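Architecture at a glance
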Amino acid sequence: MLDFDATDTPLHGRQEGRFFHGYYGHYCYLPLYVFCGRHVLCARLRRANIDASAGSLEVLKQLVESIRERWGATRILLRADSGFARDALLSWCEEHGVEYVVGLARNSRLETLLDPTLQHAEELCAESGEPERVFTDLRYRTLQSWSRERRVVGKAEITEHGPNPRFVLTSLDPEAWGAREVYETLYCARGEAENRIKEQQLDLFATRTSGRLMKVNQLRLWLSALAYTLLNELRRLGLSDTELANARCSTIRGKLLKLGARLRKTTRRLWVELSDHHPAQQVFARCVERLRLLVGLPPPAMRIA
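This write-up is about the structure you can find in this document. (Residues numbered from 1 in each chain as written. Predicted model: local features only at pLDDT ≥ 70, side-chain atom pairs only at ≥ 80, totals over all residues. Heavy atoms only, no water.)

**Some words on the pattern of salt bridges**
Enumeration over the complete set of coordinates arrives at 24 salt bridges. Taking the shortest distance from any N to any O, the salt bridge between aspartate 87 and arginine 150 comes out at 3.0 Å. Here aspartate 87, found in helix H2 (residues 87-95), pairs with arginine 150, found in strand S10 (residues 150-159); they are 63 residues apart in sequence, far enough to count as distant. Residue arginine 150 is classed as buried on the basis of its relative accessible area, which comes to 2%. (Salt bridge = Lys/Arg side-chain N within 4 Å of Asp/Glu carboxyl O. Helix = DSSP H or I, 4+ residues; strand = E, 2+ residues; numbered from the N terminus. Buried < 20%, exposed > 50% of the residue type's maximum accessible area, 1.4 Å probe, protein only.)

**Quick notes on the sheet that holds strand S2 (residues 9-10)**
What the three strands build is an open sheet, ordered S2-S4-S3; its pairing is antiparallel. Two strands lie at the open edges of the sheet, namely S2 and strand S3 (19-21), each paired on one side alone. (Pairing = 2+ DSSP bridges.)

**A few points about unusual backbone geometry**
One non-glycine residue with positive phi stands out, namely phenylalanine 205, at about 65 degrees. Since its relative accessible area comes to 37%, phenylalanine 205 is described here as partly exposed. Not every positive phi belongs to a glycine, and aspartate 241 is a case in point at roughly 65 degrees. Counting through the fold element by element, aspartate 241 comes out in the loop between helix H6 (214-238) and helix H7 (249-257). Owing to a relative accessible area of 66%, aspartate 241 belongs among the exposed residues under this scheme.

**Quick word on the pairing of strand S5 (residues 32-36)**
Most of S5 sits inside the fold, with four of its five residues counted as buried. Across four bridges, strand S1 (residues 2-6) lies against S5 in antiparallel orientation. Each bridged residue has a counterpart across the sheet, and for aspartate 3 the counterpart in S5 is phenylalanine 35. Two elements, S5 and strand S6 (residues 39-44), share five bridges in a ladder whose sense is antiparallel. Each residue of the ladder has a partner; that of cysteine 36, found in S6, is histidine 39.

**Some remarks on the side chain of glutamate 273**
Take glutamate 273: it is sitting in strand S14 (residues 270-274). Looking at glutamate 273, its side chain comes within polar contact range of the side chain of arginine 262, at 2.7 Å. Only 3.0 Å separates the side chain of glutamate 273 from the side chain of arginine 264, close enough to count as a polar contact. (Polar contact = N/O pair within 3.5 Å; in protein donor to acceptor, adjacent residues only side chain to side chain.)

**Considerations on the nonpolar core**
Counting 41 residues, the largest nonpolar core has Phe4, Leu60 and Leu104 as its most contacted members. Among the nonpolar cores identified, the runner-up in size contains 28 residues, and Ala206, Leu239, Ile252 and Leu256 belong to it. (Core = buried A, V, L, I, M, F, W, Y, C linked by side-chain atoms within 4.5 Å.)

**Re the packing of H6 against H7**
At their nearest, the axes of H6 and H7 sit 11 Å apart, and the two run at 70 degrees to each other. The orientation of H6 relative to H7 falls into the category roughly perpendicular. Between H6 and H7 the crossing geometry is left-handed. Taking contact as the criterion, the partners of Tyr228, Leu231, Leu234 and Arg235 in H6 are, on H7, Cys249, Ile252, Arg253, Leu256 and Leu257. A class-by-class count of the residues in the contact of H6 with H7 yields seven nonpolar, no polar and two charged. (Axes fitted to C-alpha atoms, helices over the stretch in contact; angles between N-to-C directions. Parallel < 35°, antiparallel > 145°, perpendicular 65-115°, else oblique. Left-handed = near helix turned anticlockwise from the far one by under 90°. Contact = heavy atoms within 4.5 Å. Nonpolar A, V, L, I, M, F, W, Y, C, P; charged D, E, K, R; others polar.)

**Let's talk about the packing of helix H5 (residues 191-203) against H6**
Two elements in contact, H5 and H6, have axes separated by 10 Å at closest approach and are oriented at 115 degrees. Considering the relative orientation of H5 and H6, their crossing is right-handed. The residues of H6 that touch H5, namely those facing Arg196, Glu199 and Gln200, are Ser224, Ala225, Tyr228 and Arg235. Grouping the constituent residues of the contact of H5 with H6 by class yields two nonpolar, two polar and three charged.

**Comments concerning helix H1 (residues 56-70)**
Here H1 contains 15 residues, and its C-alpha end-to-end distance of 21 Å stays within 8% of the 21 Å for a straight helix at 1.5 Å per residue. Those residues of H1 lying buried are Ser56, Val59, Leu60, Leu63, Val64 and Ile67. All buried residues of H1 fall inside an arc of 125 degrees around its axis, so they share one side. Opposite the buried face of H1, by more than 90 degrees, sit the exposed residues Glu65 and Glu69. Summarising the contacts, the buried residues of H1 are in contact with S1, S5, S6, strand S7 (77-80) and H2. (Expected span 1.5 Å × (residues − 1). Arc of directions from axis to C-beta.)

**Section: the packing of aromatic side chains**
The tally for this structure, following the rule as stated, stands at eight aromatic pairs. With 5.5 Å between their ring centres and 45 degrees between their planes, phenylalanine 135 and tyrosine 183 make a pair best called tilted. In this pair, phenylalanine 135 is assigned in strand S9 (residues 132-140) and tyrosine 183 in helix H4 (residues 179-187), connecting sequence segments 48 residues apart. Of the residues examined, phenylalanine 135 reaches a relative accessible area of 13% and is grouped as buried. On the basis of relative accessible area, tyrosine 183 is assigned to the buried category, the value being 7%. Ring plane angle 45 degrees and centroid distance 6.0 Å describe the contact between tyrosine 183 and tyrosine 187, whose orientation is recorded as tilted. (Phe/Tyr/Trp six-rings, centres within 6.5 Å; stacked < 30°, edge-to-face > 60°.)

Rendered as structure tokens:
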């Protein structure tokens, strides 16, 4: 699963490449991120006066080539929001055996196609007195921008605030993946990629792009992505099966790394002496032991001071 997402990095100076973005309502960059699960594969800084999908086809080609070079039989699925529902990207996926689940912005033609399902959802809502959602498969093609007709999953939802129609574009076989599964199981899970971006922006300073030159700010973005990668590997290799196995980067930093300790060097060892009141002392000890075993070192002689 390759999650593509564009986000904003607010700017407050006269940085190279700054532009005002109408959707976000401020001057910013528009970096492109790609994740595979918790692993960050791309963090590309871009100007904000571009389409959200700009450069994504180039990145996708590079990633697919690298993946198939190492794991040829791997099935690849692209997941993204409606900013990536572009014909060039979709057509390349269809021609190269890459599946996709991509959001699709609603319009009057799509809403007309969904009307019968929306009426059914209203009837169910009237009977139950609760919010209801009904899913359906549609066939849809844009008037000019798409080269072919494609499968669209429509969600007809009635909430306490009224109708809430949503649409998802997919290449998946409807016999293997029903409309509800595509939306609820696959598409909605893309929120995890957004959480990973928040970890870098809020926890690891990816928004510190105050350099005058864009290449300087790109380096800072890469350093943030590298810091995330190191903490994610620590989480995956050292903290699995602990209370911090699914912790945010900020939680790991606060509970495991930013600690008061006393360093004491002897002839044979460097001792890191933690307070015996440290609440995560057992997690810390277990993490160190696992990491040492992974690199072939003997278990450490640990002592809580």
